[in-house]
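# Report on the structure
Residue strings, one per chain:
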Amino acid sequence: VTLSLAMSMKRMLANNNLVRKMHACETMGAASVICTDKTGTLTQNQMRVHEAAFDYIPESGVEDIIFESIAANSTAHLDKAAGSVKVLGNPTEGALLLWLADRGVDYAALRRHAEVIEQLTFSTERKYMATVVQSPLLNHRVLYVKGAPEYVMNFCSDRVTSSGNVPMTDSRPMLEEKLLQYQNQAMRTLGFAYQVIEDNESHFKDGRLYNTELTFLGIVAISDPIRPDVPDAVKRCFDAGIQVKMVTGDTPGTAKEIGRQIGLWTEKDTDRNVITGVEFAQLTDKEALDRVLDLKIMSRARPMDKQRLVQLLQQKQAIVAVTGDGTNDAPALNHAHVGLSMGSGTSVAKEASDITLLDDSFSSITSAVMWGRSVYQNIQRFILFQLTINVAALIIVLLGSLFGSELPITVTQMLWVNLIMDTFAAGALASLPPSPEVMKRKPRNSNAFIIVPQMQRLILATGITFVVILLGLLYVLSNYAGGIEAGTPEGLRNLTIFFTVFVMLQFWNMFNAKTFGTNDSAFKNIFKSEGFLTVGMAIIVGQILVVNFGGSVFRTIPLTWSEWIWITLATSLVLWVGEIFRAFKRMKNRK
């Protein structure tokens, strides 16, 4: 099992899934709910300013204030190395800096000259960022604020317009209507405000704005298109019986529109399927538990809302996978069954996670689910294969000695069987490539016994069938073919034939075990299973070498080519019976 998971970890890396904790490979296959961020996971994280809604008198100098506000009240940077511009830091702030660059404004010079005195960095709790600077533009200390417009407006007493400043209360209905228009187009909105500080007192208290009368400057709408592969990935999750829940700091309008674009939000959905972080926090645990499975979108979410959502889903017996990229996401990532951090996220988020998505894409999550389910199925396959061998070998060793004085399988021969079957063959089954077919089934019960009833029936039926065949062969060899006494040439040849038949029965049954969980032919995609084919060839070559050169160590003598052909053809019936049975099941399913 450990080798199987380790091999899967290595191969998942090629699909942009860096597995940090081995158990996550398999646990991801049982996931029944995925709580995902929006920005960068569902969207391309290539934010650009779509529209800047600033209304002011051109000669008033307000434009310079806006430019200084954007430059100074930010922690992002633009890297212009190698002839291209790359955003370092928050993508939303980067979009604002790119907007300044498009207008020929040097943000770095503005930031350098405006000395920062105090700063509240942006947090999902307060929904805004605030910075006090010594402004060379206004020759005063100035407080600049940007953040969610509905929050920023609460701190404002008036608004700048082309007709002069007007009371905020008069402008609010118009601004809210404009915000709704942007949000219905799935755009992120930011509001900007400032205040010239005449006193020497701090306007920050307990990590929040205090005693302020800001002037509202305007709104910026920032677009971030969805990733082209996300709608299909979301549909694959639904087909696999996995719920998808979007948890975002954006407004309800923006969140719904993104949900609609990716196929998460449909016309059948109601207010029961969407909630804001504030509304969620106001629900009692009983009310939240009643509603948590129906939720599809949580907007204006805060870190604690995300963590509570995960815990409530777990109380509903859901297996929860959560994405996150920020330091504030660490609690939710820790509490989830599988935490998925972003490759572009913080080191704190990565440390708290089980898997890191190197490309930040939601489609990589569905890939991880497919791998997890395939790994679990592969583990079931080699358990099925191993236990079938063990049942047959155990009974044969116990009962086989009744037919003569010799053990039908020696200790050395059993070690060889263990080497090629329990190690190499099981390893080949455990490393079979993932099948897209597993994404058409519902999530398995994480508490279910790994040896499901179908496996139990196959192990007993196949194992006992092999025992009957092998005991019948022993009977024939003992009574009609010269006996099974190792001291005679005929007996030694018969024991060698018996040993080879035992190995070849298991060899062909390996192909049947490969198809467990499907009704496919054992030859489907056989050439894509390089490890499986390599092990199959190694078993055949190894058995020929053991028989021809094993001598007294393995209690064998060389067999003729005609004997090899008859043994191979006779034992291959195991595979052909399985192929006929699976063909009938495929025909039945088509009907």
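Note that the structure is a prediction, hence the values are computed from the model and not measured. (Residues numbered from 1 in each chain as written. Predicted model: local features only at pLDDT ≥ 70, side-chain atom pairs only at ≥ 80, totals over all residues. Heavy atoms only, no water.)

### Some thoughts on the packing of aromatic side chains
Note the following rule: Any two of the Phe, Tyr and Trp rings considered here, Trp counted by its six-membered ring, make a pair once their centres fall within 6.5 Å; the pair's planes then place it as stacked at under 30 degrees, edge-to-face at over 60, or tilted in between. Numbering of helices and strands starts at the N terminus; helices are DSSP runs of H or I of at least 4 residues and strands are runs of E of at least 2. Accessibility here uses a 1.4 Å probe with only protein chains present; expressed as a share of the type maximum, an area under 20% marks a residue as buried, one over 50% as exposed, and anything in between as partly exposed. A ring is scored as having a charge over it whenever the NZ atom of a lysine or the CZ atom of an arginine sits within 6 Å of its centre and within 35 degrees of its normal.
In total, this model carries 11 aromatic pairs according to the counting rule given. Ring centres 5.5 Å apart and planes at 75° place the aromatic pair F507 and F511 in the edge-to-face group. On the criterion of helical spacing, the pair formed by F507 and F511 is a turn pair, its members being four residues apart in helix α18 (residues 489-514). Across the pair, F511 and F507 agree in class, each one buried. Clustering of aromatic rings is evident, with ring pairs tying together F507, W508, F511, F523, F532 and W576. Directly above the ring of F280 sits R308, whose terminal nitrogen or CZ lies 5.0 Å from the centroid. Note that K514 overlies the ring of F532, its terminal NZ or CZ placed 6.0 Å from the centroid.

### Details of the sheet that holds strand β16 (residues 274-276)
Selection criterion: Think of it this way: DSSP has to see at least two bridges between two strands before they count as a pair. Think of each axis as a best-fit line through the C-alpha atoms, taken over the contacting stretch in the case of a helix, with angles from 0 to 180 degrees between the N-to-C directions.
Spatially, the eight strands line up as an open sheet ordered β1-β20-β19-β18-β2-β15-β17-β16, and their pairing is mixed. Taken across any chain shown, the strands that pair with only one partner, and hence form the sheet edges, are β1 (17-19) and β16. Strand after strand, the sheet turns through a mean of 20° between neighbouring axes, direction not considered. Pairing of strand β2 (residues 33-36) with strand β18 (residues 320-324), which is carried by three bridges, proceeds in the parallel orientation.

### As for the pattern of salt bridges
For side chains bearing opposite charge, pairing can occur when the charged atoms are close. Heads up, the condition is: The working definition used for a salt bridge is a side-chain nitrogen of Lys or Arg within 4 Å of a carboxyl oxygen of Asp or Glu.
Counted according to the given criterion, the structure contains 22 salt bridges. Of the charged contacts in the structure, one is a salt bridge between D269 and K296, with a shortest N-O distance of 3.1 Å. Separated by 27 residues along the polypeptide, D269 in the loop between α9 (252-262) and β16 and K296 in the loop between α11 (285-291) and β17 (297-299) bring together distant segments of the chain. Assessed through its relative accessible area of 14%, D269 is described here as buried. Notably, a salt bridge pairs R272 with D290, separated by 3.5 Å at the nearest N-O pair. Here D290 lies in helix α11 and R272 lies in the loop between α9 and β16, a separation of 18 residues in the sequence. Look at R272 and you get partly exposed, because its relative accessible area is 33%. Three or more residues joined by partner-sharing salt bridges are found here, namely D37, K306 and D329.

### Brief notes about helix α12 (residues 303-315)
Side chains of residues three or four places apart in an α-helix project in the same direction, reflecting 3.6 residues per turn. Going by this rule: One less than the residue count of a helix, multiplied by 1.5 Å, gives the span that helix is expected to have.
With 13 residues, α12 ought to run about 18 Å at 1.5 Å a step, and its terminal C-alpha atoms sit 19 Å apart, in line with that. Considered for burial, the residues of α12 that qualify are P303, D305, K306, Q307, R308, L309, V310, L312 and L313. Positive backbone phi, approximately 65°, marks Q317, located one or two places after α12.

### Let's talk about the nonpolar core
Going by this rule: Here, the term nonpolar core denotes a set of buried Ala, Val, Leu, Ile, Met, Phe, Trp, Tyr and Cys residues that are joined through side-chain atoms within 4.5 Å. Pairs of residues are marked as contacts when any of their non-hydrogen atoms sit within 4.5 Å.
In terms of nonpolar packing, the biggest core is built from 99 residues, with F362, M421, M510 and F511 touching the most fellow members. Apart from residues lying up to four places away in sequence, F362 is in contact with I34, T36, T41, L42, V230, A233, V234, C237 and V244.

### As for the pairing of β2
Of the two faces of β2, the one lined by V33 and C35 and the one lined by I34 and T36 are each fully buried. Note that β2 and strand β15 (residues 243-247) share four bridges and pair parallel. Each residue of the ladder has a partner; that of C35, found in β15, is K245.

### Some words on the side chain of T496
We apply this condition: Within 3.5 Å is the distance limit for a polar contact, defined as a pair of N or O atoms, with the added protein rule that one can donate a hydrogen and the other accept it, and that residues adjacent in sequence qualify only through two side-chain atoms.
Residue position: T496 is located in helix α18. The exposure class assigned to T496 is buried, which follows from its relative accessible area of 0%. For T496, the side chain forms a polar contact with the main-chain nitrogen of I557, separated by 3.2 Å.

### Considerations on the packing of α18 against helix α22 (residues 573-590)
Heads up, the rule is: Roughly parallel means an angle under 35 degrees; roughly antiparallel means over 145; roughly perpendicular covers 65 to 115; every other angle is labelled oblique. Two helices that cross are described as forming a left-handed crossing if the nearer one is turned anticlockwise from the farther one by less than a right angle, and a right-handed crossing if clockwise. Three classes are used, and their members are as follows: Ala, Val, Leu, Ile, Met, Phe, Trp, Tyr, Cys and Pro are nonpolar, Asp, Glu, Lys and Arg are charged, and the others, Gly among them, are polar.
Where α18 contacts α22, the axes come no closer than 8 Å and their chain directions differ by 20°. By the angle class used here, α18 and α22 are roughly parallel. Handedness of the α18/α22 crossing: right-handed. Across the interface between the two elements, L505, W508, N509, F511 and N512 from α18 touch V574, L575, G578 and R582 from α22. When grouped by side-chain class, the residues that make up the contact of α18 with α22 number five nonpolar, three polar and one charged.

### Remarks on the environment of T276
Its location among the elements puts T276 in strand β16. For the pair T276 and G253, spaced 23 residues apart in the sequence, the C-alpha separation amounts to 11 Å.

### Observations regarding unusual backbone geometry
The residue N16 is not glycine, and still its phi comes out positive at about 70°. Structurally, N16 can be placed in the loop between α1 (2-12) and β1. By relative accessible area, which is 29% here, N16 ends up partly exposed. Positioned with a positive phi, N525 is a non-glycine residue whose angle comes to about 55°. Looking at where N525 falls in the secondary structure, it is placed in the loop between α18 and α19 (530-549). For N525, a relative accessible area of 44% translates into the label partly exposed.

### Focus on a nonpolar patch on the surface
How we decide: In this scheme, patches are assembled from residues that exceed 30% relative accessible area and form no salt bridge. Like charges are connected within 9 Å, while nonpolar side chains (Val, Leu, Ile, Met, Phe, Trp, Tyr) are connected within 5 Å. Working definition of accessibility: Shrake-Rupley area with a 1.4 Å probe, residue cover restricted to the visible protein chains.
A cluster of nonpolar side chains, contributed by L394, L398, L399 and L402, occupies part of the molecular surface with about 440 Å² of accessible area. Locating L398 in the fold gives a position in helix α15 (residues 362-400).

### Some thoughts on helix α17 (residues 453-480)
Relative to the 40 Å expected for 28 residues at 1.5 Å per residue, α17 spans 40 Å between its end C-alpha atoms, a close match to the ideal helical length. Every buried residue of α17 is accounted for by M455, I459, T462, G463, F466, V467, L470, L471, L474, L477 and S478. As for α17, its buried residues are in contact with α15, α18 and α22.

### Quick notes on the side chain of T515
For T515, the position within the fold is in the loop between α18 and α19. Residue class for T515 comes out buried when judged on its relative accessible area of 5%. Polar contacts involving the side chain of T515 include one to the main-chain carbonyl oxygen of N512, which spans 2.7 Å. For T515, the contacting residues outside a window of four places in its chain are R381, D520, S521, A522 and R582.

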